[in-house]
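Residue-level structure breakdown
Letter by letter, the chains look like this.
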Amino acid sequence: MAAREERIELGLSETDAGAALSLSGVLSIRTVSELRHRLAALNLDRPLVVDLAGVARIDTAGAWLLVDLETRAQSAGGSLDLRNVRDTTALLLDNVRQARPEPENRPEAARGVRALLERIGRAVVGALRYFADLTGFFGLFLARLARVLRHPSQFRLTALVAHCEDVGLRAVPIVSLMAFLIGVVLAFQGAEQLRQFGAEVFVVDLIAISVLRELGILLTAIIVAGRTASAFTAAIGSMKMREEIDAMRTLGLDPGVMLFVPRILALLLMLPILGIIADFMGIFGGALMAWLELGISPSMFVTRLIEGTGVGHLVVGLVKAPAFALIIGVVGCHAGMQVKGNAESLGRMTSGSVVAAIFAVILADALFSVFFAKVGI
Amino acid sequence: MTEDGREAVIRVRGLKTQFGSHVVHENLDLDVYRGEILGVVGGSGTGKSVLLRTITGLQIPAAGEIEVFGVDVLAGGADRDSLDDRWGVMFQDGALFSSLTVRENIEVPMKAVPGLDADIRRELADLKISMVGLPYLAGDLYPSELSGGMRKRAGLARALALDPEIVFLDEPTAGLDPIGAAAFDTLIRNLSQSLGLTVFLVTHDLDTLYAICDRIAVLSERRVLVTGSLEDMLEVDDPWVREYFHGPRARAAFADTAADRED
Ligand SMILES: Nc1ncnc2c1ncn2[C@@H]1O[C@H](COP(=O)(O)OP(=O)(O)O)[C@@H](O)[C@H]1O
Ligand SMILES: [Mg+2]
């Protein structure tokens with residue numbers, strides 16, 4: 001591999017007028033670093049003669065080095081005289097001279113504590129801006145929803161039904177299984193603890209309250225956020241990427257009405273239903289486990305359930321569903337609209353929207369808990 | 001290797017490529033000589049891009065031999081690997097890595113050079129950026145932020161990053177406005193002269209053919225039908241070649257360059 005063993009030799013002789021440099025070998029991208037290091041100490045404030053007679057080949061990198069040397073010599077008050085330049089080399093040097101990029105003043109990158117502060121500041125502003133963006137997007141959704149309500153002919157019922165199937169029906173198996181297993185786990189763990197006090201029967205309250213109030217709807221929302229927020233982002237984002245959304249606008253179709261309203265509405269309709277299914281399956285799983293493990297018969301379970309647990313718990317749980325649905329839908333659609341022209345940003349936005357939606361759902365759940373506690377429900 | 005005193009840097013003999021039962025090339029012979037700009041023309045779907053991909057080893061032919069600098073492209077080994085430094089390919093839409101900025105794209109091949117300092121690499125990348133006529137700030141942009149013409153230029157800059165001896169260009173001027181296309185032609189001509197480049201140029205653009213190609217190869221009937229200068233093409237007695245080089249667009253382009261030459 002001769003090409004990789006390129007060498008450059010350098011002879012330097014000082015004269016009274018200045019310095020003479022003779023180069024031999026190959027002046028290429030493979031030797032340019034070495035030559036530059038060896039020339040670093042060279043005094044440039046005097047006339048310099050560079051003889052290229054021994055140079056077998058010069059490529060763009062080599063020409064760049066010579067031109068760079070020339071410019072630096074000139075600004076240091078010296079000069080550079082190239083000798084024995086071949087025609088092709090002269091052409092190359094001219095090309096490089098013309099093409100030398102304008103030295104641009106880049107902003108100095110901050111370092112140390114300042115850089116850290118700057119990063120934190122940017123992150124905070126970014127987060128606030130994101131939140132403001134989401135609020136704006138929510139407003140857009142409401143406006144488009146209002147428009148659709150006033151002009152029902154613009155409403156895309158088929159799309160709504162299709163999204164309902166995607167968001168709701170197809171999520172039923174995974175949501176049911178998840179809730180069933182949660183019920184089983186709760187009953188099992190609760191039984192272990194309550195048996196010590198001989199208070200096995202309270203396992204019913206434990207299961208009912210935790211599933212109905214919190215876990216049923218929260219875990220459903222998390223699963224739906226994972227499935228649906230990413231699907232929304234990917235679908236809208238790839239349309240954005242291929243300029244389909246711009247095409248829609250030029251055709252007089254509103255992306256809000258066409259894309260966001262059916263999707264978010266489908267979520268609004270489906271999430272409460274999925275929540276009810278999850279509640280039911282969770283309690284079913286818990287009852288099954290209570291029967292097998294603690295000998296609490298199904299009829300006893302139901303009696304205790306009706307006596308001990310108010311409908312309030314179910315309502316408290318389900319009230320959260322529309323809020324979660326809006327969060328998931330808005331985050332997912334908004335992220336889709338942020339996709340830029342490349343596949344990379346589509347991937348980043350898709351995974352980002354899932355994380356943001358799940359985080360927002362949990363945050364909202366915490367706020368709800370605080371609120372209900374204060375109100376005393 | 002040497003025929004009439006010229007060194008063939010690319011030598012294709014008896015090439016056959018096919019996709020399933022669809023034969024694209026059969027018995028195709030082609031020589032490309034050092035330092036020339038060869039224009040490859042042919043109707044849509046005659047396999048110009050496939051030929052380019054086959055010569056650069058991206059596509060395995062069904063039969064035939066391909067040598068570049070006397071090295072068998074289809075063989076393995078260190079000789080074959082060293083070819084990657086000696087040629088550059090510019091794909092039809094630039095094929096830039098979308099997750100990297102333009103500058104980083106151009107630095108990708110340079111990273112394989114041992115001992116090249118990062119700051120020099122960066123400056124060289126900036127130099128390539130402006131050599132292909134992109135504004136300085138384009139280096140910080142991502143491919144998705146560039147127009148089609150800029151992406152092509154950036155693709156060319158990446159293909160030229162290591163100063164290869166051969167560049168393969170797939171329709172470099174397609175989709176450019178006439179002024180942009182003419183500037184691109186000048187750029188290629190200029191670079192090929194100053195760097196001693198051999199250029200394998202697939203094109204549909206008659207102006208490009210007239211302005212910069214030393215020799216033309218016509219792809220038709222699954223092989224290279226004829227090669228020769230523009231004047232030779234006008235003599236060829238083949239319906240497609242006649243249509244192509246005697247059509248109104250061809251006459252216009254020819255008149256333009258003839259006028260340019262007289263100036
Ligand atoms: N990956 C592939 N699979 C199947 N057929 C292909 C493939 N690539 C190219 N072809 C076929 O080979 C023929 C030549 O294609 P191409 O070289 O792209 O044409 P062009 O001359 O316009 O560049 C076309 O008929 C195309 O359908
Ligand atoms: Mg093609």
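Residues numbered from 1 in each chain as written. Chains lettered and ligands numbered in written order. Predicted model: local features only at pLDDT ≥ 70, side-chain atom pairs only at ≥ 80, totals over all residues.

**Concerning the overall build of chain A**
When helices and strands are counted, chain A shows 12 helices and four strands. Counting the 377 residues in chain A, one finds 35% classified as buried. Long-range pairs, those at least 24 residues apart, make up 85% of the contacts in chain A with a sequence separation of at least 6. (Helix = DSSP H or I, 4+ residues; strand = E, 2+ residues; numbered from the N terminus. Buried ≥ 20, exposed ≤ 12 C-beta atoms within 10 Å, placed from the backbone. Contact = placed C-beta atoms within 7 Å.)

**Looking at the overall build of chain B**
The helix and strand inventory of chain B stands at 10 helices and 11 strands. Within chain B, buried positions represent 43% of all 263 residues. Residue pairs at least 24 apart in sequence account for 65% of intrachain contacts in chain B once pairs closer than 6 positions are excluded.

**Here's the deal with the nonpolar core**
The nonpolar side chains of a soluble globular protein tend to be buried, and buried together. Counting residues in each nonpolar core, the largest one holds 96 residues, and the members touching the most others are B:L38, B:V40, B:V167, B:F168, B:V199, B:F200 and B:L201. Once you skip the residues sitting within four places of it in the chain, B:V167 turns out to touch B:W87, B:G88, B:M90, B:A159, B:L160, B:L197 and B:V199. (Core = buried A, V, L, I, M, F, W, Y, C linked by C-beta atoms within 7 Å.)

**Section: the interface of chain B and chain A**
The interface is formed by 28 residues belonging to chain B together with 27 residues belonging to chain A. Looking at the side of chain B that touches chain A, the elements that each hand over two or more residues are α2 (78-86), α4 (118-131) and α6 (178-195) of chain B. Here the side of chain B that touches chain A takes seven residues from α4(B), the largest share from any one element.

**Here's the deal with the sheet that holds strand β10 (residues 215-220) of chain B**
Residues and elements named next belong to chain B. The strand order across the open sheet formed by six strands is β7-β8-β9-β4-β10-β11, and the pairing between neighbours is mixed. If you trace the sheet from one side to the other, it starts and ends with β7 (87-90) and β11 (223-228), each paired once. Each neighbouring strand pair of the sheet contributes to a mean axis angle of 15°, computed without reference to strand direction. Pairing between β10 and β11: five bridges, direction antiparallel. (Pairing = 2+ DSSP bridges. Axes fitted to C-alpha atoms, helices over the stretch in contact; angles between N-to-C directions.)

**Some words on the sheet that holds strand β2 (residues 19-27) of chain A**
Residue and element names in this part refer to chain A. Here four strands make up an open sheet; going across it, the order is β1-β2-β3-β4 and the pairing mixed. Unpaired on one side and paired on the other, β1 (8-14) and β4 (79-83) mark the two borders of the sheet. Sheet twist, expressed as the mean angle between neighbouring strand axes with direction ignored, is 20°. Here strand β3 (residues 47-58) pairs with β4 via five bridges, running parallel. Bridge assignment links V50 to a residue of β4, and that residue is L82.

**Regarding unusual backbone geometry**
Residue and element names in this part refer to chain B. If you check the backbone angles, E171 has positive phi at about 45° while not being a glycine. Position of E171 among the secondary structure elements: in the loop between β8 (166-170) and α6. Its 21 C-beta neighbours within 10 Å are what place E171 among the buried residues. Phi is positive for R222, close to 70°, though the residue is something other than glycine. With respect to the helices, strands and loops of the structure, R222 is situated in the loop between β10 and β11. Here R222 falls in the partly exposed class, since 18 other C-beta atoms lie within 10 Å of it.

**Re the site of ligand 1**
All names here are of chain B. All residues adjacent to ligand 1 are F19, V24, G42, S44, G45, T46, G47, K48, S49 and V50. No other element matches the three residues that helix α1 (residues 48-55) contributes to the shell around ligand 1. Residues that form the shell around ligand 1 fall into these classes: three nonpolar, six polar and one charged. (Near = placed C-beta within 6 Å. Nonpolar A, V, L, I, M, F, W, Y, C, P; charged D, E, K, R; others polar.)

**Focus on the packing of helix α5 (residues 157-167) of chain A against helix α9 (residues 255-294) of chain A**
All names here are of chain A. Between α5 and α9, the shortest axis-to-axis distance is 8 Å and the interhelical angle comes to 50°. If you check the angle between α5 and α9, you find them oblique. Remark: the crossing between α5 and α9 carries right-handed chirality. For the pair α5 and α9, the contacting residues are A159, L160, H163, C164 and V167 in the first and P262, R263, L265, A266, L267, L269 and M270 in the second. Its residues assigned to classes, the contact of α5 with α9 shows 10 nonpolar, one polar and one charged. (Parallel < 35°, antiparallel > 145°, perpendicular 65-115°, else oblique. Left-handed = near helix turned anticlockwise from the far one by under 90°.)

**Examining helix α3 (residues 87-99) of chain A**
Over its 13 residues, α3(A) runs 18 Å from end to end, which matches the ideal 18 Å to within 8%, given 1.5 Å per residue. Within the span of α3(A), buried status applies to A:T89, A:L92, A:L93, A:N95 and A:V96. Buried residues along α3(A) cover an arc of 160° about the axis, so they all sit on one side. In α3(A), the exposed positions that point more than 90 degrees away from the buried face belong to A:D87 and A:Q98. If you follow the buried residues of α3(A), they end up packed against β3 and α2 (60-75) of chain A together with α4 and α6 of chain B. (Expected span 1.5 Å × (residues − 1). Arc of directions from axis to C-beta.)

**Re the environment of B:A63**
Residue and element names in this part refer to chain B. You can see A63 is positioned in strand β5 (residues 63-68). When the 12 C-beta atoms within 10 Å are taken as the criterion, A63 is described as exposed. Sequence-wise, A63 and L15 are 48 residues apart; in three dimensions their C-alpha atoms are separated by 5.6 Å. Contacts of A63, omitting those with residues within four sequence positions, involve G14 and K16.

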